[in-house]
Structure formats: structure tokens, C-alpha cells
Amino acid sequence: MDGVKRKLKIVLASSHGGHLTEILALKDVFHGHDCFYITYKGKTTGELEPAYRFGLYFKNPVLFFTIWFSLIRIFLKERPDVIFSTGAELAIPVFYVAKILFGCRLIYLECSAQVEAPSLTGRIVYPITDLFLVQWEPLLKRYGKKARWRGGLI
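In this text, all values refer to a predicted model and were calculated from it rather than measured experimentally. (Residues numbered from 1 in each chain as written. Predicted model: local features only at pLDDT ≥ 70, side-chain atom pairs only at ≥ 80, totals over all residues. Heavy atoms only, no water.)

Draft legend 1. Fine view of the confidence of the model for the chain. Chain-level pLDDT for the chain is 90 on average; 94% of the residues reach the 70-or-more range. Mean pLDDT values over the elements of the chain span from 87, in helix α5 (residues 138–143), up to 98, in strand β1 (residues 9–14). (pLDDT = per-residue confidence, 0-100. Helix = DSSP H or I, 4+ residues; strand = E, 2+ residues; numbered from the N terminus.)

Draft legend 2. Region of interest: the packing of aromatic side chains. Counted under the stated rule, the structure contains twelve aromatic pairs. Taken together, a centroid distance of 5.0 Å and an interplanar angle of 80° make the contact between Y126 and F132 edge-to-face. Overall, the relative accessible area of 14% leaves Y126 in the buried class. For F132, a relative accessible area of 0% corresponds to the buried category. Judged by centre distance (5.4 Å) and plane angle (25°), the ring pair of Y126 and Y143 falls under stacked. One end of the pair, Y126, is in the loop between α4 (120–125) and β6 (131–134); the other, Y143, is in helix α5, with 17 residues separating them in the sequence. Accessibility assignment for this pair places Y126 and Y143 in one class, buried. Grouped by ring-pair contacts, the aromatic residues Y40, Y57, F64, F65 and W68 constitute a single cluster. A cation sits over an aromatic face here: K146 above Y126, 5.2 Å from the ring centre. (Phe/Tyr/Trp six-rings, centres within 6.5 Å; stacked < 30°, edge-to-face > 60°. Buried < 20%, exposed > 50% of the residue type's maximum accessible area, 1.4 Å probe, protein only. Lys NZ or Arg CZ within 6 Å of the ring centre and 35° of its normal.)

Next up, the structure:
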């Protein structure tokens, strides 16, 4: 089966707003694969399908603990191969559950707004990512050897 691409199950994880806009701008990259979203509940995410939506977990201590169990149930049901995220904080539990418990491949694209300083989310997920992309060359020095720059992707 040389040259034949396997259809992957991909999670597109992001908060709403600019991070989601960046994922949607890359929609063609994921064409031909089985994708679903993990995001927040909101006006901008209401029409995304298929999707799992959460409340703002970082503002609610109960949601903060329950999101981890919800993610485990989602991954047991969906069995994703790859997790892709542009941030923000929602990527943290998604990435750690996916990597530690399910061995998923993780791809993180640092938000285009991060020109010279790494984001908090980027710093937290960097150690466990399989591919870490930045959109601005100055960020290479701030992250380290694993970071890759291919120009502005969005």
C-alpha cells in the first residue's frame, strides 16, 4: 500500500474566537479525514459538527475536574489518531489525556498572534507534542529544538 494515505480520525481542539478561526482557516488540510471538534459552548461553535462542547471549565472548579473524565469517555468512544490544536487552554487537558491515556499523536500550531513570546498553553503542551509549529521565526529561539517554523500558515 505504498503511497496510499490512511484515513485518520482527527480531533480539532480549540477555544472559540481567534483560535477556532485559525483551525477553520486550515479546513482543507484535514479534507478526506474523519474529524470532530472539541471546543467550548458558544454562538461561534453552535454550528460545528460533529462536536463536543464544554462550558468554560477554568472558571468553574467542578467543571475543571469533570472535563478530564468527559475527555476520557469521548476518546474511548471516538478513538482518535491525531489531536490538532491552535490553543488556547482547552488544548491542555485534551492533549494530556490524549497522550498519556491513549497514545495519540499531538500537533500544536502556536497562534499567529504569538510573534515573540510563547503562549502559556504552548509552553505547557510543548513537552508532549509530536509536532510543534510556530508561525513566526522569532519563536524558534523561545521554544527550542522541537519547534518548527514553516512561515505563516494562516
